[in-house]
Amino acid sequence: MNRVKKPVVLLVISLLLILAGSFGASQFNSSSGDVDVSRIYFDTPRGELSGLLYKPDGADQEARPAIVATHGYLNSAEMQDAQAIEMSKRGYVVLALDQYDHGHSTGTMEKPVPFFSFWPHAIYDAVQYMYDQDYVLKDENGNGIIAVSGHSMGGFSSTHAVMLDEVDFQESGIRKIYSSLTMGSDYQWLKSLGYTIEDINNSYGPRPSGKIAGQYDEFFFDAEAAAAGTPVVKKNYAATEEGMSFLGNPEKPEAGKVYKVNGGERIIYQPNETHPWNHFSKTSTGDAIDFYDRAFAGYNGSLTVDSDGQTWMFKEWFSFVALIGFFLLFVPVVSLLSRLPFLNSIYTGRPEPLPAPKTNGAKLAGLILIVVGGLFPALFFSALYGGDVYGMRLLRQISMIFIALSAIVLISSFVKKSERSIKTVSAIMLVLSVIQYIYLRLQDKMLATTELFGAPTVNPVLYWAINVAIITLMMMVGYHYVAKKPEGAAIKNYGVKASVKSVIASLVTAIGAVAIGYGVLYLMDALFQVDFRIWTFAVKTFEGQHLAALLKYAPLFLIYYFVVGLSVNMNTATVKYNGWKGYLISVFHFIGGLVLYLAYHYGLLFTTGTAGYPGESLSSIIVIGLVPALLVAALFNRYFYRKTGNVYVGAFINTLLMTLITLANTALYTIF
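Residues numbered from 1 in each chain as written. Predicted model: local features only at pLDDT ≥ 70, side-chain atom pairs only at ≥ 80, totals over all residues. Heavy atoms only, no water.

> Account for the pattern of salt bridges, naming residues and giving values.
Enumeration according to the criterion identifies 15 salt bridges in this entry. Here arginine 39 makes a salt bridge to glutamate 78, at a shortest N to O gap of 3.1 Å. Taken together, the positions of arginine 39 in strand 1 (residues 35-44) and glutamate 78 in the loop between strand 3 (66-70) and helix 2 (81-88) put the pair 39 residues apart, joining distant regions of the chain. What makes arginine 39 partly exposed here is its relative accessible area of 21%. Of the residues examined, glutamate 78 reaches a relative accessible area of 9% and is grouped as buried. Through salt bridges that share partners, Arg39, Glu78, Asp98 and Lys540 make up one connected network. (Salt bridge = Lys/Arg side-chain N within 4 Å of Asp/Glu carboxyl O. Helix = DSSP H or I, 4+ residues; strand = E, 2+ residues; numbered from the N terminus. Buried < 20%, exposed > 50% of the residue type's maximum accessible area, 1.4 Å probe, protein only.)

Next comes the structure, spelled out in structure tokens:
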């Protein structure tokens, strides 16, 4: 009875966390029901755009000023919830937009250069739609009272929308965009389209315009640092040529001060924040509220302004509660599924723990494997993710050394008629070293966005993951034959030995568990229009193209989750790691080095003004998103191994779940 009762109780607890978190999040998302939140879809000349529409009560009877807000390269519409919640509860209509090929939006443009296929027109296409809606305010001359806003890539799109609107104004005499506010973006990518600083700043015309420029932004606001290849430094955007030009070239430009330029007002805010921090900041959100209060001062009379303090963070915390419930759900679901015929084959019996290492050499070897296994993924992350020349050269040189050493040992073992184990380990190491070297040489091709692998930020993560798996496997082979096998260890002691039936049952169980988990998510989305998230880490609904991409990426990510999971089992196979210590080893193996990477990188940035890796912008932000995903993977890996006695259930669940989470939260090109 207890075997059934315990998972049922845990199932109820996880569902209650999900329900309570989703309901609470929806209450703050909709300002206790005063704002209708719905997902909309609309066709454009370049595809289909989607977004979350926040429409306050009364907007259908009396048109309101509107804000179109959008996200950056790695994210989707939900990342604009701070602006959406705070401004909709103050009476504005807000459209939180998924840009083309992000979230629920799909682009149909040809993509010879994928990065430029969606953002140049996404916001302006959405403005065209919003301008035609009866609930969006126009002035007596037909000008739209619409603000555009975006973070990072969304900032490029917002600024370009203003430029496109100004071009149309020259012909029609109507400005559909009334105001603009960007976060975490300068003119770097707009200039790549051929525009000059003067072209861009002149396009604002009389529109109230603002910029939120974090002093520790990893990408923008210091052209000289970017040109030198060291953009991750402290910045003062208002004092740069670009910032001064935006403000009308005052003698002593100041952040937070309003300047009159071309009949409009302009302001730069400079919070002490990094690029992704803008999303999760009361300071930046407060700056946005201040900006809109100024920009729409002449139209606030039509609003019922809620003067309460910021409440968006409560939506985030409730969503976090639901996120915890979501991951907890997999424990009872797998347990209950395994009671079904055939699926009960996932249990293979937990291997007997091995005795602790007897010699100092064996103990040292185990410690080295744990430390190197945890640190290596971080030490070469920037090289494998971004193609750092020196890091990649070093890796290739190390690979060539291993090829030579393995070949020498293998040849020598045959000449001297050495033990079979020496021949075996040297042969395996030679094969793995050759594979590693070839794979390192193919970096450009593996990172390229193609029709088969269309997620540009996922490709380098996959490339890194497979490299980590190869190196980890090499260390495991050496450790097993040198230290573990002499003490009686066999492959079965690491949880890899299982029948074909058990492996298939594990895969089916994982698919069923993920389907049930996402089924609950879709139900909460339908009932409350919320997903499960905290800051940049989110489990969100997906479209058909994401499922198709999952089938392509999952088999390759399985290599990583299987090998690293197996490595954890090898390092925790002794009696010493039977309890909580085994979980700590698993967590360290998956994220230990990455956490140290972030601490070093950002610790130096905030204390000295120069990051630990000043040339690493995108890769450091990717690591921030990887840490929570791999933390969950580490816990799942250890728990399901101890539960089933093998590595398969954990590896399959981690592969399906983490790959789908990643694909649904970033750019995915589906048409080339």
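> Before we move on, could you go through the packing of helix 3 (residues 119-131) against helix 4 (residues 153-172) and cite the residues and values that matter?
One way to put it is that helix 3 packs onto helix 4 with a least axis distance of 7 Å and a crossing angle of 65°. You can see that helix 3 and helix 4 cross each other, and the crossing is right-handed. Residues Trp119, Pro120, His121, Ala122, Ile123 and Tyr124 of helix 3 touch helix 4, and the partners they reach there are Met153, Phe156, Ser157, Ser158, His160, Ala161, Leu164, Asp165 and Asp168. Partitioned by chemical class, the residues of the contact of helix 3 with helix 4 number nine nonpolar, four polar and two charged. (Axes fitted to C-alpha atoms, helices over the stretch in contact; angles between N-to-C directions. Left-handed = near helix turned anticlockwise from the far one by under 90°. Contact = heavy atoms within 4.5 Å. Nonpolar A, V, L, I, M, F, W, Y, C, P; charged D, E, K, R; others polar.)

> Break down the pairing of strand 4 (residues 93-98) for me, with residues and values.
Where burial is concerned, most of strand 4 is hidden: six out of the six residues are buried. Both faces of strand 4 are covered, namely the face carrying Val93, Leu95 and Leu97 and the face carrying Val94, Ala96 and Asp98. With five bridges joining them, strand 2 (residues 47-56) and strand 4 adopt antiparallel strand pairing. Each bridged residue has a counterpart across the sheet, and for leucine 52 the counterpart in strand 4 is alanine 96. Here strand 3 runs beside strand 4; their pairing, made up of five bridges, is parallel. Residue alanine 66 lies in a different strand from strand 4, and its bridge partner there is valine 93. (Pairing = 2+ DSSP bridges.)

> Summarise a nonpolar patch on the surface; cite the residues concerned and give the values.
Nonpolar side chains collect at one region of the surface, where Phe314, Trp317, Phe318, Phe320 and Ile324 lie side by side and expose about 450 Å² of accessible area between them. If you trace the backbone, phenylalanine 318 turns up in helix 10 (residues 312-337). (Patch = residues over 30% accessible without salt bridge, like charges linked within 9 Å, V, L, I, M, F, W, Y side chains within 5 Å. Areas by Shrake-Rupley, 256 points an atom, 1.4 Å probe, with all protein chains shown as cover.)

> So, the side chain of aspartate 287: which residues are in play, and what are the values?
As for its position among the elements, aspartate 287 is in helix 9 (residues 282-295). There is no salt bridge for the buried aspartate 287, and the closest opposite charge comes from arginine 294, which lies 9.1 Å off by N-O distance. Leave out the neighbours within four places in its chain, and aspartate 287 touches Ile212, Tyr269 and Pro271. (Lys, Arg positive; Asp, Glu negative; His and termini not counted.)

> So what's going on with the nonpolar core? Residues and values would help.
Core analysis: the largest hydrophobic core is formed by 166 residues, its most contacted members being Met130, Phe327, Trp464, Tyr518, Phe590 and Leu657. When residues in this core are grouped by element, the largest group, 17 residues, is from helix 16 (residues 458-484). When residues of this core are assigned to domains, at least three map to each of domain 1 (34-309) and domain 2 (318-665). Beyond its immediate chain neighbours, meaning those up to four positions away, tryptophan 464 contacts Pro377, Phe381, Leu384, Tyr560, Leu594, Leu626 and Leu630. Ala77, Ala84, Leu181 and Ala295 belong to the second-largest nonpolar core, a separate cluster that totals 31 residues. (Core = buried A, V, L, I, M, F, W, Y, C linked by side-chain atoms within 4.5 Å. Domains from an automatic or database assignment.)

> Let's hear about the pairing of strand 3: which residues, and what values?
With respect to burial, strand 3 is a largely interior element, five of its five residues being buried. Side-chain alternation along strand 3 places Ala66, Val68 and Thr70 on one buried face and Ile67 and Ala69 on a second face that is also buried. Crossover handedness for the path strand 3 to helix 2 to strand 4: right-handed. Note: strand 3 against strand 6 (residues 146-151), five bridges, orientation parallel. Looking at strand 6, one finds that threonine 70 is bridged to glycine 150. (Right-handed = clockwise from strand over helix to strand, strands pointing away.)

> Summarise the domain arrangement of the chain; cite the residues concerned and give the values.
Per the domain assignment, the segments making up the chain are domain 1 (34-309) and domain 2 (318-665). With centres defined by C-alpha atoms, the gap from domain 1 to domain 2 works out at 39 Å. Taken together, the 30 residues of domain 1 in the interface contact 34 residues of domain 2. A buried area of about 2,500 Å², summed over both sides, lies between domain 1 and domain 2, and 65% of it is on carbon and sulfur atoms. (Buried area = accessible area lost by both parts, 1.4 Å probe.)

> Help me get a handle on helix 4, residues and values and all.
It helps to recall that an α-helix has 3.6 residues per turn; residues three or four apart then point in one direction. With 20 residues, helix 4 ought to run about 28 Å at 1.5 Å a step, and its terminal C-alpha atoms sit 28 Å apart, in line with that. Buried residues dominate helix 4, accounting for 14 of its 20 residues. (Expected span 1.5 Å × (residues − 1).)

> Which residues make up the packing of helix 13 (residues 389-415) against helix 14 (residues 420-441), and what values do they have?
Where helix 13 contacts helix 14, the two axes come as close as 8 Å, and the packing angle between them is 155°. With respect to helix 14, the axis of helix 13 lies roughly antiparallel. Two packed elements cross with a definite hand, and for helix 13 against helix 14 that hand is left-handed. Tallied by class, the residues present in the contact of helix 13 with helix 14 amount to 16 nonpolar, six polar and three charged. (Parallel < 35°, antiparallel > 145°, perpendicular 65-115°, else oblique.)

> Hey, could you go over the environment of valine 482 for me, with residue numbers and the actual values?
One can find valine 482 in helix 16. Looking at valine 482, the relative accessible area reads 67%, which means it is exposed. With 256 residues separating them in the primary sequence, valine 482 and alanine 226 have C-alpha atoms 48 Å apart.

> Please set out the layout of surface pockets residue by residue, giving values where relevant.
Counted as a void, the second largest pocket has a volume near 460 Å³. In terms of lining, the second largest pocket is formed by 18 residues, of which the most central are Phe327, Pro628, Leu631, Val632 and Leu635. Of all the secondary-structure elements, those providing two or more residues to the lining of the second largest pocket are helix 10 and helix 20 (618-644). Considering each element in turn, the lining of the second largest pocket owes the most residues, seven residues, to helix 20. Here the lining of the second largest pocket is built from residues that sort into 17 nonpolar, one polar and no charged. (1 Å grid on protein atoms, 1.4 Å probe; cavity = no way out; pocket = protein on both sides within 12 Å on 5 of 7 lines; lining within 4 Å. Points joined across faces, edges and corners; volume = space filled by probe spheres on them.)

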